[in-house]
Each structure stands twice: as structure tokens, then as C-alpha cells.
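Next come the chains, spelled out residue by residue.
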Amino acid sequence: MPLLELAPDGLYCPLGDFYVDPWGAVDRAVVTHAHSDHARPGSRAYLTASQGEALLRSRLGPEAIIQPLDYGEAVTLGDTQVSLHPAGHILGSAQVRIEHAGEVWVVSGDYKLAPDPTCAPFEPLPCHTFVTESTFGLPIFRWPAETEIRDALHAWWRANQEAGRASLLFAHPLGKAQRLLALLDPAIGPIYTHGAVEGFNRIYSEQGIALAPTTPVDGGGPWTRALVVAPPSAHGSPWERRFAAASTAFASGWMRIRGTRRRRSLDRGFVFSDHADWSGLLRAIEATGAQSVWVTHGYRAPMVRWLTERGLQALSVETRFEEAEP
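Residues numbered from 1 in each chain as written. Predicted model: local features only at pLDDT ≥ 70, side-chain atom pairs only at ≥ 80, totals over all residues. Heavy atoms only, no water.

Participant: Which parts of the structure should I look at to understand the packing of aromatic side chains?
Facilitator: Geometrically, a pair of aromatic rings is defined through the distance of the ring centres and the angle of the planes. Summed over the entire model, instances satisfying the criterion amount to 16 aromatic pairs. Seen from their ring centres, Tyr 192 and Trp 223 are 4.8 Å apart, and the 75° between their planes marks the pair as edge-to-face. With a gap of 31 residues between them, Tyr 192 in strand 13 (residues 191–193) and Trp 223 in the loop between strand 14 (215–216) and strand 15 (227–230) connect regions that are remote in the sequence. Residue classification places Tyr 192 among the buried residues on the basis of a relative accessible area of 10%. Taking the relative accessible area as the measure of exposure, Trp 223 reaches 14% and is therefore buried. When the centroid spacing of 5.1 Å and the interplanar angle of 65° are considered together, the rings of Trp 239 and Phe 243 count as edge-to-face. Here Trp 239 and Phe 243 have matching classes, each one buried. The rings of Phe 136, Phe 141, Trp 143, Trp 254 and Tyr 299 are connected pair by pair, giving a single aromatic cluster. (Phe/Tyr/Trp six-rings, centres within 6.5 Å; stacked < 30°, edge-to-face > 60°. Helix = DSSP H or I, 4+ residues; strand = E, 2+ residues; numbered from the N terminus. Buried < 20%, exposed > 50% of the residue type's maximum accessible area, 1.4 Å probe, protein only.)

Participant: Is there a simple way to think about the sheet that holds strand 7 (residues 74–77) in this case?
Facilitator: The strands making up a sheet associate through backbone hydrogen bonding, with each pair oriented either parallel or antiparallel. Strand order in the open sheet formed by 7 strands is 7-8-9-10-11-18-19, and the pairing between neighbours is mixed. One side of each edge strand has no neighbouring strand; the edge strands of this open sheet are strand 7 and strand 19 (313–316). On average, adjacent strands in this sheet sit at an angle of 25° to one another, irrespective of strand direction. As paired strands, strand 18 (residues 292–298) and strand 19 are joined by 4 bridges and run parallel to one another. Its bridge partner lying in strand 19, Ser 292 is registered against Gln 313. Strands strand 11 (129–134) and strand 18 of the sheet are contacted by helix 6 (residues 278–288), whose axis makes an angle of about 175° with strand 11. (Pairing = 2+ DSSP bridges. Axes fitted to C-alpha atoms, helices over the stretch in contact; angles between N-to-C directions. Contact = heavy atoms within 4.5 Å.)

Participant: Help me understand the nonpolar core in this model?
Facilitator: Of all hydrophobic cores here, the largest spans 31 residues; its most connected members are Leu 55, Leu 153, Leu 169, Ile 191, Tyr 204 and Leu 227. With residues up to four places along the chain from it excluded, the contact list for Leu 169 reads Leu 153, Trp 156, Leu 180, Leu 227, Val 228, Val 229, Ala 230, Ala 249, Ala 251 and Phe 270. Among the nonpolar cores identified, the runner-up in size contains 23 residues, and Leu 77, Ala 94, Trp 105 and Val 107 belong to it. (Core = buried A, V, L, I, M, F, W, Y, C linked by side-chain atoms within 4.5 Å.)

Participant: Even after reading the chapter, I still don't get the pairing of strand 5 (residues 45–49), so can you show me in this structure?
Facilitator: Regular strands place their side chains on alternate faces of the sheet. The element strand 5 is extensively covered by neighbouring structure, given that 5 of its 5 residues are classed as buried. Pairing analysis gives 3 bridges linking strand 4 (residues 28–30) to strand 5, with the strands arranged parallel. Across the sheet, Ala 29 pairs through a bridge with Tyr 46, a residue of strand 5. Of the pairings in the sheet, the one linking strand 5 to strand 6 (residues 66–69) comprises 4 bridges and is parallel in character. Within strand 6, the position partnered with Tyr 46 by the bridge is Ile 66.

Participant: So what exactly am I meant to see when it comes to the packing of helix 1 (residues 53–60) against helix 4 (residues 195–206) here?
Facilitator: When two helices pack together, their arrangement is given by the angle between their axes and by how far apart the axes lie. The contact between helix 1 and helix 4 brings their axes to 9 Å, and the two run at 150°. By the angle between their directions, the pair helix 1 and helix 4 is classed as roughly antiparallel. Between helix 1 and helix 4 lies a crossing whose hand is right-handed. Side by side, helix 1 and helix 4 meet where Ala 54, Leu 55, Ser 58 and Arg 59 of the first sit next to Phe 200, Ile 203 and Tyr 204 of the second. In terms of residue class, the contact of helix 1 with helix 4 is built from 5 nonpolar, 1 polar and 1 charged. (Parallel < 35°, antiparallel > 145°, perpendicular 65-115°, else oblique. Left-handed = near helix turned anticlockwise from the far one by under 90°. Nonpolar A, V, L, I, M, F, W, Y, C, P; charged D, E, K, R; others polar.)

Participant: Explanation requested: helix 4 in the structure shown.
Facilitator: Two residues of an α-helix separated by three or four positions point the same way, owing to the 3.6 residues in each turn. Here helix 4 is 12 residues long and its end C-alpha atoms lie 17 Å apart, about the 16 Å a rise of 1.5 Å per residue gives. Contact partners of the buried residues in helix 4: helix 1, helix 3 (176–183), strand 13, strand 14 and strand 15. (Expected span 1.5 Å × (residues − 1).)

Participant: What's the story with the environment of Glu 53 in this structure? I'm lost.
Facilitator: Along the polypeptide, Glu 53 turns up in helix 1. Separated by 15 residues in sequence, Glu 53 and Pro 68 have C-alpha atoms that sit 6.2 Å apart. Residues contacting Glu 53, with those up to four places away along its chain left out, are Thr 48, Ile 66 and Pro 68.

Participant: Before we go on, may I ask you to explain the environment of Gly 92 in this structure?
Facilitator: Here Gly 92 is to be found in the loop between strand 8 (80–86) and strand 9 (94–100). Residues Gly 92 and Ala 166, spaced 74 residues apart in sequence, show a C-alpha to C-alpha distance of 33 Å. Each residue touching Gly 92, except ones within four places of it in the same chain, is listed here: Thr 32, Ala 49, Gln 51, Gly 52 and Tyr 71.

Participant: Even after reading the chapter, I still don't get the pattern of salt bridges, so can you show me in this structure?
Facilitator: Note on pairing: side chains with opposite charge can pair once their charged atoms come close. A complete count under the given rule lists 10 salt bridges for this structure. The partner of Asp 116 in a salt bridge is Lys 112, and the shortest N-O contact between them spans 2.8 Å. The burial state of Asp 116 is the same as that of Lys 112; both residues are buried. As a salt-bridge pair, Arg 179 and Glu 146 come within 3.4 Å of each other at their nearest N and O atoms. Taken together, the positions of Arg 179 in helix 3 and Glu 146 in helix 2 (residues 146–162) put the pair 33 residues apart, joining distant regions of the chain. Classification of Arg 179 by relative accessible area gives buried; the value is 4%. Members of the salt-bridge network, linked through shared partners, are Lys 112, Asp 116, Glu 146, Arg 179 and Asp 274. (Salt bridge = Lys/Arg side-chain N within 4 Å of Asp/Glu carboxyl O.)

And the structure:
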């Protein structure tokens, strides 16, 4: 019997009677991380990595029943042994390892292999079947070195200061924004944050993650030397108007696609992602030693074709997960 099946509410483990990142409300949900497309409200009980408990609580509310589990610690669910292991995506992100009678399946959730001081690094897990994301599953998606992005961000910020403009940097408020704040040099100038970013910053800081000092935008200013980190939804909103003359930029893996910056009416685009790029996906899959690979959300068909041509049993699995980098 396969350890997982695709049920109406998502990936379901019959032998353990639990779902992994269910799409709706279920009795028991094992949650890989706190992004809203993976952490849905309404389930009776949740299991998540200890490092991500506070983030999940902020998403689900104080009444949610959440069981935290340390990385590598195993629990018995039904007839299965379940453990959580670092995925390297955001703080508390986890891969779900499921074992029954010597058969091992791993659900990756979202992951990246690039170093990130704001979360535990990706841990390769040997398994028989690996369920991988494929958000950026095309050869065109290859990420530059982090030092290259840091230097480009600093140069853009300094150029805006010389021109008397604020620097508005749009990034996903959970994970991406904090990774950027761990990268930026606060000596260049003041750093302000949108409220959606600042709330998650507090949780990261409480977990001992070092971030550049920030100030909430409300009541702040002047802006001419400032860098402001905000969610993409703030771009073009009334909130943005307070900055008057400002240069806008977006940090996302989608900036690798030609024309994305222009279509979004942005001045700059920085290729910066919390998901694995094409080579990272392939390295992660190979490291598992899995002969069977389920490919979820993103560019599934190209990845399935590539894996099949190399002798693996690859299956495209449709999910409702939405890309967390709008």
C-alpha cells in the first residue's frame, strides 16, 4: 500500500490517518511550514516543527491545538513513524518523513539548498519515494550567489540616497523579508518595515534570529535615506503614496523571467528566492536516492519528463498550493 494518496483534502496517509499540509479542515494535519497555502485553519489538531510553532500560531490563532516536534524526533501516528527534518525554506520549515514496515516516504514541503542564517539548512533524507515541489522546475531558473545580490541591493540603495529617493523593496513578508534583513547592512541607512513584515520580525527575533534593526513605517520618516521592506501587495496601494519620490524593487525568483519587472511597473528586480532553483531541485532529488518521485506544484511536467528520461518513476501530482512569491 502506498504510504500517501491524493484525497479531496490533499495528501493523506491512510496508515497514519493524517494529512500533510491539507487544503481544508481535517482531524490531524502535519504542517511543513507556516505559509498560508500550506497552513490552513480549522483542523482539529496540528503537528509542526518546534521552531515554527510560533509562526503557525500567529497564522492559526490562540485556540488552535498545535503539537510541536523537535527536528529528528519521531512520533507514532497510527501504524507509522513520523519525524520532521529541516527543509531550509523559512524558519521552522520541515520535511515530513513517514516510515512503515521499512518503507520510507518523504514530503519535502517547500525547500531550498542555499545557505540561510534565518533557518536550519536542508537535510537530505534517504527514502523510497520523495514528494518534491517544483515551483521553479525549469532550467532557466538558476539563482546568483547571495553575495552578488547583497552587493546589488546595497548599490541600488546608495544610488537612491544620492538621488534623494526612498528605496522600496517588496518581498514576501514571511521568510523572504527576514532573510533580506539578515543580509542588509544597516550602516548604510535606516531600515523601515511595513506592519505585515514587522510582526514576523518579532517572532524571528524571539527565536534568536539576528536581523538588521528596523522601525515600523507608521510614524517614521524622513525617507530619503531609508530602505523600506514591504509585502508585494503594498505596491501601488495608498500605503505607498506616503513615500512620494521612491525607487521600487522586487526580490523574487520570478525576476529571472524577462519582462516581469516591466509588467509589475518596478524600477528594479532582484533574483532572490526561498525555493530551490533547477539545479537545487535535481541535487535534492538525487541525494534522497529515491526511485519514485512525486512532483507537486509549479513546473511539474518538465520535471517529470526529465526524471523519467533518467530512469526514475516520476508522477505529476496536482495540488492547490499557490506560489508563495507573488
